[in-house]
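# A closer look at the structure
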Amino acid sequence: MSREIVLDTETTGFDPRTGDRMIEVGCIEIEDLLPTGRTFHRLIHPERLIPPDAIRVHGITDDKVKDAPKFAEIVIDLCDFIGDAPIIAHNAQFDRSFIDHEFGRCGRPLFPEDRWIDTLKLAQTRFPGMANSLDALCKRYKISLVERSLHGALIDARLLAEVYLELKGGKERRLDLSASRTVATAAAAAHAAAGYPPRPRPLEPRGSEAEHAAHEAFLQATLKDLSLWKGYGLEIEAA
C-alpha cells in the first residue's frame, strides 16, 4: 500500500525568520488515500508569547501551551511517525518553512523537498483562477466544516485528507472494479475457449411463416449487405 502523511501546523505568525514559532502539529496517516486511524498530535510550547491576532485564528492561548513540551522534546516522535512517507500539506511552503526552522534549531536534517506534496498547487492546476483555500475546497467537495469553528492542526489535517482524496480522483476510487473486470474477462475467455456444448433440447422456432416472410422483406428493402444474416443460416436473396 502507498503510505502518506497529511500534515498541518498552527503557529504564532507567518514567518519563522521574524521569530514566529510552531505551537501545534497534527498528522494523519493515510494508505491508498484513505485514513488508517493512526494520528499524531501535539501542542508545543513556542518559548514566546502568542500574539492576539494568531489566537483569533486558532484559539490557542499562552495558558493552553504553558505546560506543553518544546519542539525539541517531540521531534523524535514526530519523525518516527512520519517515517519515510511523502508529506502532504496545503500551501506546503508555509508548513515546511516552520518544520525546517524547528529542525534547524534542533540540529536535525531536513525533509527533502521532493517528499512534500502541495495540495494548493494540485488544486490550482485543477481549478485555475478559482478560490483554492482549504475552506473553499471543502465547500466545493461538500466536505462538512461543522466541527471547525477555529483552525486546528489535527482538524485541518483530517479535512485535508478528504480534500486530497478528491483531488486524486475522488471517492469513486473506492469503487474501482478493474480487478473484478479482469477476473470476469479472464473467466469469459476461458469459457469461450472451452466452447459451448449443444443445447440438450433445441428450441423450437417461435415465429410464424407470415412473420418470417415480413422479416425477410424488411431485410431485402433495408440492408445492402446480407452476409451477416447468412452467417445465421438465413438464405436471403438481395432485392
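The structure under discussion appears in the preceding block.
Anyway, here's the lowdown on the structure attached to this text. Along each chain, residue indices are assigned from 1 in the same order as the chain's sequence is written. Reporting of local features is limited, given that this is a predicted model, to residues whose pLDDT is at least 70; pairs of side-chain atoms are given and counted only at 80 or more, and all residues count toward the totals for whole chains, interfaces and linings. Calculated side-chain values reflect all of the structure's heavy atoms, with hydrogen atoms and water omitted.

### Observations regarding helix α4 (residues 92-106)
In plain terms, the rule: Strands here are runs of E lasting at least two residues and helices are runs of H or I lasting at least four, both read from the DSSP assignment and numbered beginning at the N terminus. By definition here, a helix of n residues has an expected span of 1.5 Å times n minus one. We call a residue buried when its accessible area falls under 20% of the maximum for its residue type, exposed when it is over 50%, and partly exposed in between, using a 1.4 Å probe and counting protein chains only. Contacts between residues were defined by any pair of non-hydrogen atoms, one from each residue, lying within 4.5 Å.
With 15 residues, α4 extends 21 Å from end C-alpha to end C-alpha; this agrees with the ideal 21 Å at 1.5 Å per step. Inspection of α4 places Ala 92, Asp 95, Arg 96, Phe 98, Ile 99, Asp 100, Glu 102 and Phe 103 among the buried residues, and these make up the whole buried set. Where the residues of α4 are buried, they touch β1 (3-11), β2 (22-31), α3 (71-82), β4 (87-89) and β5 (116-118). Trailing α4 by a residue or two, Gly 107 shows a phi angle of about 75°, which is positive.

### Regarding the sheet that holds β4
What counts is decided by this rule: Pairing between strands requires that DSSP locate at least two bridges from one strand to the other. Axes here mean lines fitted to C-alpha atoms, for a helix over just the part in contact, with angles spanning 0 to 180 degrees between N-to-C directions.
In space, the 5 strands of this open sheet follow the order β3-β2-β1-β4-β5, with mixed pairing throughout. Each edge of the open sheet is held by one strand with a lone partner, namely β3 (34-43) and β5. Strand-to-strand twist across the sheet, computed as the mean angle between neighbouring axes with direction ignored, equals 25°. In the sheet, β4 pairs with β5 via 3 bridges, with the strands oriented parallel. Bridge pairing links Ala 89 to Asp 118 in β5. Running at roughly 80° to β1, α4 makes contact with β1, β2, β4 and β5 of the sheet.

### Digging into the nonpolar core
Operational definition: In these notes, a set of buried Ala, Val, Leu, Ile, Met, Phe, Trp, Tyr and Cys residues joined through side-chain atoms within 4.5 Å is what counts as a nonpolar core.
If you look at the biggest cluster of nonpolar residues, it comprises 23 residues, and the most contacted ones within it are Val 25 and Leu 78. Within the residue set of this core, elements represented by two or more residues are β1, β2, α3, β4 and α4. Here the element with the most residues in this core is α3; it accounts for 7 residues. The residues touching Leu 78, leaving out its near neighbours within four places in the chain, are Val 25, Cys 27, Phe 40, Phe 71 and Ile 99.

### A short note on the pairing of β2
In terms of burial, β2 is a largely internal element, 9 of the 10 residues being buried. Two strands pair when backbone bridges link them, and β1 and β2 are joined in this way by 9 bridges, in the antiparallel orientation. Bridge pairing links Glu 4 to Ile 30 in β2. Taken together, the 7 bridges between β2 and β3 define a ladder with antiparallel strand orientation. The residue of β3 that forms the bridge with Gly 26 is His 41. Counting the residues between successive antiparallel strands, the hairpin from β2 to β3 contains 2 residues, one of them, Asp 32, with a positive phi of roughly 55°.

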